[in-house]
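One-letter residues, chain by chain:
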Amino acid sequence: AFRVSAGDETEVLVELRARELISSAYVEATLQVLLDDGSEVPALCYVVRREHIQYCLFDRETQARMIARAVGGRGRNTEYLYNTAAHLEQMGIEEDYLRWLIARVREMNVKK
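Q: Can you help me understand the pattern of salt bridges in this one?
A: Think of it this way: side chains of opposite charge can pair up when their charged atoms draw near. All chains considered together, the criterion is met by 7 salt bridges. Note that E28 and R17 form a salt bridge whose closest N and O atoms lie 2.7 Å from each other. With a gap of 11 residues between them, E28 in strand 1 (residues 26-34) and R17 in helix 1 (residues 9-20) connect regions that are remote in the sequence. For the salt bridge of E94 with R99, the shortest nitrogen-to-oxygen distance reads 3.5 Å. Overall, R99 belongs to the partly exposed group, its relative accessible area being 42%. The network of salt bridges with shared partners includes E61, R104 and E107.

Q: Would you take a moment to explain the packing of aromatic side chains for this structure?
A: Describing an aromatic ring pair means giving the distance of the ring centres and the angle of the ring planes. This structure, assessed with the given rule, holds 0 aromatic pairs. The side chain of R60 reaches across the aromatic face of W100, ending 5.1 Å from its centre. Looking at R106, its charged tip hangs above the ring of Y82, at a distance of 4.5 Å from the centre.

Q: Honestly, the packing of helix 3 (residues 77-90) against helix 4 (residues 96-110) in this entry has me stumped. Any pointers?
A: To describe two helices that pack against each other, one gives the angle between their axes and the distance between the axes. Helix 4 packs onto helix 3 with a crossing angle of 145° between their chain directions and a minimal axis gap of 10 Å. Like other packed secondary-structure pairs, helix 3 and helix 4 cross with a definite hand, here left-handed. Note on element contacts: helix 4 touches helix 3 through L98, L101, I102, V105, R106 and N109, opposite T78, L81, Y82, T84, A85 and L88. Taken together, the residues of the contact of helix 3 with helix 4 sort by class into 8 nonpolar, 3 polar and 1 charged.

Conventions used here
- Residues numbered from 1 in each chain as written.
- Predicted model: local features only at pLDDT ≥ 70, side-chain atom pairs only at ≥ 80, totals over all residues.
- Heavy atoms only, no water.
- Salt bridge = Lys/Arg side-chain N within 4 Å of Asp/Glu carboxyl O.
- Helix = DSSP H or I, 4+ residues; strand = E, 2+ residues; numbered from the N terminus.
- Buried < 20%, exposed > 50% of the residue type's maximum accessible area, 1.4 Å probe, protein only.
- Phe/Tyr/Trp six-rings, centres within 6.5 Å; stacked < 30°, edge-to-face > 60°.
- Lys NZ or Arg CZ within 6 Å of the ring centre and 35° of its normal.
- Axes fitted to C-alpha atoms, helices over the stretch in contact; angles between N-to-C directions.
- Left-handed = near helix turned anticlockwise from the far one by under 90°.
- Contact = heavy atoms within 4.5 Å.
- Nonpolar A, V, L, I, M, F, W, Y, C, P; charged D, E, K, R; others polar.

See the structure below:
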């Protein structure tokens, strides 16, 4: 969860909606989240709609291949992967699956 400074709510909400609601793959919902100190607070969340056409289940190798090649309006998908993993690590969240993806994507990009 991220706290938004008082007075910045509208600007942050506009930016979040522009980024997360670009398609109808996600819905905005206020949910209770558990903080590190054990308390629960309401938080604005973006939840994937599993029935949406953009929600796909691919095997690991296919995911890595797609990430290694994909480029969108906000840049290369590899950078999104690397930045996501780095941010999770900064928060103390270890994600073995992301580590595997990063290693495999880097390997694929070296072979180009």
